Amino acid sequence: MSTCATVSRDLDEPISGTAATATTWLLLEQPGPWGAKALTSSHLDPVLGRALEAAAANTGVRIALIRRPGRHADPAPSRVRQVYAAHTVPGNAWLHSATTTDPRDLLALDFATLGAGDPRSFGSALGGRAHTGDPLALVCTNGKRDRCCALLGRPLAAELAASGVEGAWEVTHLGGHRFSPTVLVLPYGYAYGRAEAHAVKEILQGVQEGRVVVEGCRGGSAWERPGQAAELAVRRATDEYATDALSVVRTDGGAPRWEVTVAHTDGRHWRVIVAQGASLPPRPESCGTSVLGAPARMDVVAVRELATALAG
C-alpha cells in the first residue's frame, strides 16, 4: 500500500469537477436561436421539449441541442436533423448517430435503458447505428444562458469548423460559464475549460488513440463532481491516461467531504479524499454579471493506494 503526495486543486484551474453530469448524452440538432432553457425556449416545439425533459428525468440521460457553427437561420420544418447518443461510462463507451425529420421520434426511445448503456432503442426508434466519423467536440455557445458562452465559445466553434474539425458542433448549456469556452468531447464525455483550438485538436487526437488529455480537463461526465476530481487526481498521480483504465466505484460521505474509491482495470484501487471549498477572493461567476461570489471548488486532499484486500 502506498500513499501519494497530498494534492489540492482549485476549480479556478479548470480541472476539478464540471457541472456537466450524465452517463448518456442525447443530442438533437436544432438550428436557429436558443433561449436560456433550450428544450423549451428555442424554436423546438416547447410541448415536445417538456415531454423530452420528463422522459429523461432520473434516467442518467441528458438531452442537449446542437447546431453547426455559423449563422443560425430558422430551418424549414421538414429539415433532416442529426441526432447522436453517447454513453460515457468506461468499459462501455459508445457513440451512435441517426437522422430524423421529426424530433417527436425521440419520444419512442427507452430512456431508462439508454441511460444504462443499452443503445438498442436508439436503433429501433431512429435507425441509429455506431458512429463511424470523427469524435465530437461540443462547444457551449448559448449566450442566452450566459454571455461568456457566446463571446468566447462561438469564435472557438467557428475556428474549429473552419480548420476542418468535422466533429465540431455548438451545444447548449454545459455548465462552468466562468471557464468559457467550455468543450465536451464524446464518446468519452470529458469536459474542458478555457479551451483553445490547438488544444481541442490534441484532445480529439487523444480520443482517437484511446487516451485522455488531462491538461484543462474538468472531469468525466459519467461521475458526480467529487468522482470527477478523484478520477483526474489518480490519473495525474499514476500517469495513467488510457480512457477505459479507471472507474469511480464508490463514493462515501457528503458535502463538504467525500471519500471516493477509484478502481483500475488491473485490480488496483485508490481512496481519494475530496473536500468542497469556496474560491477566494470573491469574483464574478460569469462575464455577464458584476455580482461577486465564491464559486464552489473540489479540493483533492489526499490520494492513497489501497491494498487489494482493503478495496471494498
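Just above, that's the structure.
Residues numbered from 1 in each chain as written. Predicted model: local features only at pLDDT ≥ 70, side-chain atom pairs only at ≥ 80, totals over all residues. Heavy atoms only, no water.

Details of the overall build of the protein chain
As a reminder, the rule being used: Numbered from the N terminus, helices here are DSSP runs of H or I no shorter than four residues, and strands are runs of E no shorter than two. The rule is simple: take the accessible area with a 1.4 Å probe, protein chains only, and divide by the maximum for that residue type; under 20% is buried, over 50% is exposed, in between is partly exposed. Throughout, a contact is declared for two residues whenever any of their heavy atoms are within 4.5 Å. To measure how exposed things are, a 1.4 Å probe is used in the Shrake-Rupley method; for residues, cover is taken only from the protein chains shown.
Scanning the protein chain from terminus to terminus reveals 7 helices and 16 strands. By residue count, 53% of the 312 residues in the protein chain fall in the buried class. The long-range fraction of contacts in the protein chain, counting pairs at least 24 apart against all pairs at least 6 apart in sequence, stands at 66%. With the model as given, the accessible surface of the protein chain reaches about 13,100 Å², and the carbon-plus-sulfur share is 51%.

Examining the environment of Gly32
Tracing the chain through its elements places Gly32 in the loop between β1 (24-29) and α1 (38-41). What makes Gly32 buried here is its relative accessible area of 0%. Residues Gly32 and Leu44, spaced 12 residues apart in sequence, show a C-alpha to C-alpha distance of 9.3 Å.

A short note on the pairing of strand β2 (residues 61-67)
This is how the line gets drawn: The pairing criterion for strands is at least two bridges between them, as found by DSSP.
Burial runs high along β2: 7 of the 7 residues are buried. Pairing of β1 with β2 involves 6 bridges; the strand directions are parallel. Bridge pairing in β2 places Trp25 opposite Arg62. Across 2 bridges, β2 lies against strand β7 (residues 168-171) in antiparallel orientation. From the neighbouring strand, Ile66 faces β7, where its bridge partner is Val171.

Here we look at the nonpolar core
Basically, it comes down to this: What makes a nonpolar core is a set of buried Ala, Val, Leu, Ile, Met, Phe, Trp, Tyr and Cys residues whose side-chain atoms join them at distances within 4.5 Å.
In terms of nonpolar packing, the biggest core is built from 23 residues, with Leu156, Leu160, Val183, Val185, Tyr192 and Val200 touching the most fellow members. Only β6 (136-140), α5 (147-162), β8 (183-186), β9 (190-192) and α6 (197-208) provide two or more residues apiece to this core. Counting residues per element, this core draws most heavily on α6, at 5 residues. In this structure Val183 touches Ala137, Leu138, Val139, Leu156, Leu174, Tyr190, Ala191, Tyr192, Ala195 and Val200, once residues within four positions along its chain are discounted. Judged by nonpolar contacts, the second largest core, of 22 residues, contains Leu26, Trp34, Leu109 and Phe111.

Looking at the pattern of salt bridges
To keep it simple, the criterion reads: By convention in these notes, a salt bridge is any Lys or Arg side-chain nitrogen within 4 Å of a carboxyl oxygen on Asp or Glu.
Overall, the coordinates contain 11 salt bridges when judged by the stated rule. The salt bridge partner of Asp102 is Arg104, with a shortest N-O separation of 3.0 Å. We classify Arg104 as exposed; its relative accessible area is 56%. One connected set of salt bridges, linked through shared partners, spans Arg67, Arg154 and Glu170.

Observations regarding the sheet that holds strand β16 (residues 296-306)
Where we set the bar: Angular values range over 0 to 180 degrees, each being the angle between N-to-C directions of two axes fitted as lines to C-alpha atoms, with helices fitted over their stretch in contact.
Read from one edge of the open sheet, 4 strands run β11-β12-β13-β16, paired in antiparallel fashion. Here the strands that pair on one side only, and so sit at the sheet edges, are β11 (246-254) and β16. Here the average twist between neighbouring strands, direction ignored, is 25 degrees. Against the sheet, helix α7 (residues 225-238) engages β11, β12 (257-264), β13 (269-278) and β16, with an angle of about 50 degrees to β16.

Comments concerning the sheet that holds strand β5 (residues 129-130)
Taken together, the 10 strands give an open sheet; going across it, the order is β5-β4-β3-β1-β2-β7-β6-β8-β9-β10, and neighbouring strands pair in mixed fashion. The open sheet is flanked by β5 and β10 (217-220), the only strands paired with a single partner. Direction of pairing for β1 relative to strand β3 (residues 81-87): antiparallel, over a ladder of 5 bridges. Considered in β3, the bridge of Leu28 is made with Val83. Contacts from α6 reach β6, β8 and β9, with the element oriented near 20 degrees to β8. Relative to β10, α7 is tilted by about 110 degrees, and along the sheet it contacts β9 and β10.

Details of α7
Each full turn of the α-helix corresponds to 3.6 residues, which orients residues three or four apart in the same direction. Selection rule: An expected span of 1.5 Å times one less than the residue number is assigned to each helix.
With 14 residues, α7 ought to run about 20 Å at 1.5 Å a step, and its terminal C-alpha atoms sit 20 Å apart, in line with that. With respect to burial, α7 is a largely interior element, 10 of its 14 residues being buried. Among the residues of α7, Pro226, Gly227, Gln228, Ala229, Ala230, Glu231, Leu232, Ala233, Val234 and Arg235 are the ones counted as buried. Those residues of α7 that are buried are in contact with β9, β10, β11, β12, β13 and β16. Immediately downstream of α7, the backbone of Asp239 shows phi near 55 degrees, a positive value.

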